[in-house]
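Take a look at the letters that make up each chain.
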Amino acid sequence: KNTESGELAGFFDVLGIPYTSNGVLGASIGQDKNIMKKILKYDGISVLDFVCINNELFNKNNDFYIKKIEEMGYPVIIKPSMLGSSIGIKVANDQETLKKALNFGFKYDKNVVVEKKLNNFREFNCAIIENDVSKIEEVVVKNNIFTFEDKYQTKESAHILPAIIEKELEDEIY
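To start, this report covers the structure provided alongside it. (Residues numbered from 1 in each chain as written. Predicted model: local features only at pLDDT ≥ 70, side-chain atom pairs only at ≥ 80, totals over all residues. Heavy atoms only, no water.)

### Re the nonpolar core
No. 1: Counting residues in each nonpolar core, the largest one holds 16 residues, and the members touching the most others are Ile 53, Ile 69, Val 76, Ile 78, Leu 98, Leu 102 and Val 114.
No. 2: Taken together, the elements giving at least two residues each to this core come down to β1 (50-54), α5 (62-72), β2 (76-80), α6 (95-106) and β4 (111-116).
No. 3: When sequence neighbours within four positions are dropped, the list of residues in contact with Ile 78 reads Gly 88, Ile 89, Lys 90, Ala 92, Leu 98, Ala 101, Leu 102, Val 112, Val 113 and Val 114. (Core = buried A, V, L, I, M, F, W, Y, C linked by side-chain atoms within 4.5 Å. Buried < 20%, exposed > 50% of the residue type's maximum accessible area, 1.4 Å probe, protein only. Helix = DSSP H or I, 4+ residues; strand = E, 2+ residues; numbered from the N terminus. Contact = heavy atoms within 4.5 Å.)

### Focus: the packing of helix α2 (residues 24-31) against helix α3 (residues 33-42)
No. 1: Contact geometry of α2 with α3 gives a least axis separation of 5 Å together with a crossing angle of 95 degrees. Here α2 is positioned roughly perpendicular relative to α3, judged by the angle of their axes. Of α3, the residues touching α2 (which contributes Ile 29, Gly 30 and Gln 31) are Lys 33, Ile 35, Met 36 and Ile 39.
No. 2: Of the residues in the contact of α2 with α3, the class split is 4 nonpolar, 2 polar and 1 charged. (Axes fitted to C-alpha atoms, helices over the stretch in contact; angles between N-to-C directions. Parallel < 35°, antiparallel > 145°, perpendicular 65-115°, else oblique. Nonpolar A, V, L, I, M, F, W, Y, C, P; charged D, E, K, R; others polar.)

### A short note on a nonpolar patch on the surface
No. 1: A grouping of Leu 8, Phe 11, Val 14, Leu 15 and Ile 17 is seen on the molecular surface, where their side chains present a nonpolar patch of about 480 Å² in accessible area.
No. 2: Relative to the assigned elements, Ile 17 resides in the loop between α1 (7-15) and α2.
No. 3: Look at Ile 17 and you get partly exposed, because its relative accessible area is 37%. (Patch = residues over 30% accessible without salt bridge, like charges linked within 9 Å, V, L, I, M, F, W, Y side chains within 5 Å. Areas by Shrake-Rupley, 256 points an atom, 1.4 Å probe, with all protein chains shown as cover. Salt bridge = Lys/Arg side-chain N within 4 Å of Asp/Glu carboxyl O.)

### Remarks on the environment of Asn 144
No. 1: Positionally, Asn 144 belongs in the loop between β8 (137-140) and α7 (148-152).
No. 2: C-alpha of Asn 144 to C-alpha of Val 14: the two residues are 130 residues apart in sequence and 42 Å apart in space.
No. 3: Among residues more than four places away in sequence, those in contact with Asn 144 are Lys 117 and Phe 121.

### Some thoughts on the environment of Val 114
No. 1: Mapping Val 114 onto the fold places it in strand β4.
No. 2: Here the alpha-carbon distance between Val 114 and Ile 77, two residues 37 residues apart in the chain, equals 5.7 Å.
No. 3: Contacts of Val 114, omitting those with residues within four sequence positions, involve Asp 49, Phe 50, Val 51, Ile 53, Ile 69, Met 72, Val 76, Ile 77, Ile 78 and Leu 102.

Pasting the structure below:
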């Protein structure tokens, strides 16, 4: 926290230290799931239905937010808005697990993003640096979400690079 979301880039900018990562604006927008999803949606890019919830507002009117989330239908996935690496992520299948997952997420961030959980999906990564686009990578995991452990602590996940996909899907990703 307080490094990937632009703070470190800003610190380096102030000190005149060169760096190779995103600048302040790109890092802060890219790290904030709520803002990024809104920008993608605005630009016509398909995103899952979601709601961003502030801890303070939730505590004042949790029934309103619970109802709003339940309108999406279970299962939902709860994510701290400004963290990466799947830290603080939980899945909720009912109201009881939803409340626990929200409280868990609020331990990591004052805002959480709640979105409909996908089932039977494939995950792909593709990096873009200026005008250069990487090959597409497919990530295969055994869990129903891509956890911190899957990313960094196990050999159970697979990274297929380049992904073995049909041309139509490749074109859609690019």
